[in-house]
Amino acid sequence: MFLDLFYGLRDEGVPVAIQEWQTFLHALEEGLHNSSLLSFYHLGRSCLIKSETYFDHYDRVFARVFKGVEGAAGDDVTQKVMAWLRDPKNFPNLTPEQLAQLERLSSDELMKRFLETLAKQTERHDGGDKWVGTGGKSPFGHGGQHPTGIRVGGQSKSRSAMKVAEERRFKDYRTDATLDSRQLRVALRRMRQLTRSGEATELDLDETIDETCKNAGEIELVFRPPRRNDIRLLLLMDVGGTMDPYYDPVSQLLTALHEERGLRDFQPYYFHNCVYDLLYTNARMLKKDAIPTGDVLRRLDSRWKALFVGDAAMHPAELMEAYGNIDPRRTSPTPGIVWLHRIATHFDRSVWLNPEGPAYWEADTARVIRRLFPMYHLSVDGLTSAVQALVGARS
């Protein structure tokens, strides 16, 4: 059908080159059509038509090629599907006894069954305990309650998925966010440990007076190294998924840290849900942006301070099991809890800032992480306490 559009435009005399067509296909891959026929129409026109002269030609070809498509998958069907998804009876809650009877699968077995099920399934399925669908007891799909499942589509609700069958694309936290809270910057200014280091370039007035007196009034200048902040900070930020609602406060924190010129050194990295073998310099988490976590620890000595920012919410397998990464393409044999323990023991001081309130810290994974790191709320008061834990209370 897409090729019919391409050749139809060429037959109408519209100068569509391969470059424009590839741009159009790439835009479709990026999801810019928004699963809407109207958006698809405008996307095709913006990518394929270089002059208003050919708008009528485009409309005629588009109407001819996609005639009837809207009737087959138009607003009426969309509304029915959305109404079905909103109906609570389509997602019945299982009793604790029913949940206990469900088979708990390992990561390898879960992926194996998922691929086998996809190869066999030929239609939509809702409820039940076998196929990829919505609701029910199946370990594949979304809206269900299986304790070891793969979420396919939909939104994260109970945060219980062991894996997610989709490409994960997240957005870098901003470093130019305008801070609305002066207290946030004041709290970060407490992150200072002034020590004298380097060349002796600062005049020590008291010692100069003492030495001059001892020298019978002949001036003897005494210099000393200047006082500088000796804090080196490693910032590890959870990004994407359940952290999306906290994009603004984390961006404000990152902006303030970038503006805190008193830090001797500062290195920020990204991870998703838990730290594994690789950290990333940006939220796209591409291979070229990856840095081995072990290399980071070898490069930074124990004098560095480690600051985590994340909600500590994930499937227990992501934290405790080998190959537990929610993204099957980024799994590693070392469990996330091992890496967290290595970080906690490598640095003299490390803390965890959680954007969710303490009421949510009783989840299984949050309780485990709290045994490794002091956890504070991502607020002005929480940040003040976290800074004091990193550098010690100031007298």
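That block above? That's the structure.
Okay, so let's go over this structure.

Each value, and the rule that gives it
Residues numbered from 1 in each chain as written. Predicted model: local features only at pLDDT ≥ 70, side-chain atom pairs only at ≥ 80, totals over all residues. Heavy atoms only, no water. Salt bridge = Lys/Arg side-chain N within 4 Å of Asp/Glu carboxyl O. Helix = DSSP H or I, 4+ residues; strand = E, 2+ residues; numbered from the N terminus. Patch = residues over 30% accessible without salt bridge, like charges linked within 9 Å, V, L, I, M, F, W, Y side chains within 5 Å. Areas by Shrake-Rupley, 256 points an atom, 1.4 Å probe, with all protein chains shown as cover. Buried < 20%, exposed > 50% of the residue type's maximum accessible area, 1.4 Å probe, protein only. Core = buried A, V, L, I, M, F, W, Y, C linked by side-chain atoms within 4.5 Å. Contact = heavy atoms within 4.5 Å. Axes fitted to C-alpha atoms, helices over the stretch in contact; angles between N-to-C directions. Parallel < 35°, antiparallel > 145°, perpendicular 65-115°, else oblique. Left-handed = near helix turned anticlockwise from the far one by under 90°. Nonpolar A, V, L, I, M, F, W, Y, C, P; charged D, E, K, R; others polar. Pairing = 2+ DSSP bridges. Polar contact = N/O pair within 3.5 Å; in protein donor to acceptor, adjacent residues only side chain to side chain.

Tallying each qualifying case throughout the model produces 10 salt bridges. Salt-bridge contacts for E20 lead to K50; the nearest nitrogen and oxygen are separated by 3.7 Å. With a gap of 30 residues between them, E20 in helix α2 (residues 18-29) and K50 in the loop between α3 (37-48) and α4 (55-65) connect regions that are remote in the sequence. Measuring nitrogen to oxygen at the nearest pair gives 2.8 Å for the salt bridge that ties R303 to D301.

Moving on to a nonpolar patch on the surface. Together, L203, L205, I209, I219, L221 and F223 make up an exposed nonpolar region whose accessible area comes to about 600 Å². Positionally, I209 belongs in helix α10 (residues 205-214). According to the relative accessible area criterion, I209 is partly exposed, its value standing at 44%.

Next up on the list: the nonpolar core. Of all hydrophobic cores here, the largest spans 30 residues; its most connected members are F308, L340, W352 and I369. Sorting the residues of this core by element identifies β9 (232-238), β10 (265-271), α12 (293-299), β13 (305-309), α14 (336-346) and α15 (364-372) as the ones contributing at least two each. Here this core takes five residues from α14, the largest share from any one element. Contacts of W352, omitting those with residues within four sequence positions, involve F271, F308, G310, A312, L340, I369, F373, P374, M375 and Y376.

Each pair of packed helices can be described by the angle between their axes along with the distance between the axes. It is at 10 Å that the axes of α14 and α15 come closest, and there the two elements cross at 25°. Judged by the angle between their axes, α14 and α15 are roughly parallel. Crossing angle aside, the handedness with which α14 passes α15 is right-handed. Where α14 approaches α15, its residues I337, L340, H341 and A344 are matched on the opposing element by V368, I369 and L372. Considered class by class, the residues forming the contact of α14 with α15 number six nonpolar, one polar and no charged.

With respect to the helices, strands and loops of the structure, E199 is situated in the loop between β5 (194-196) and β6 (202-203). E199 sits 24 residues away from F223 along the chain, and the two C-alpha atoms are 9.1 Å apart.

Further remarks concern the pairing of β10. Among the seven residues of β10, five are classified as buried, and the element is accordingly described as predominantly covered. Across seven bridges, β9 lies against β10 in parallel orientation. Across the sheet, the residue bridging to L236 is Y269, located in β10.

The next point concerns the pairing of β9. Along β9, seven of the seven residues are buried, which leaves the element largely enclosed by surrounding structure. In this sheet, β13 lies alongside β9 in parallel orientation, the contact comprising five bridges. Counterpart to L233 in the pairing with β13 is K305.

Secondary-structure assignment places D327 in the loop between α13 (316-320) and α14. Among the residues examined, D327 registers a relative accessible area of 3% and is labelled buried. Reaching out from D327, the side chain makes a polar contact with the side chain of R330 at a distance of 2.6 Å.

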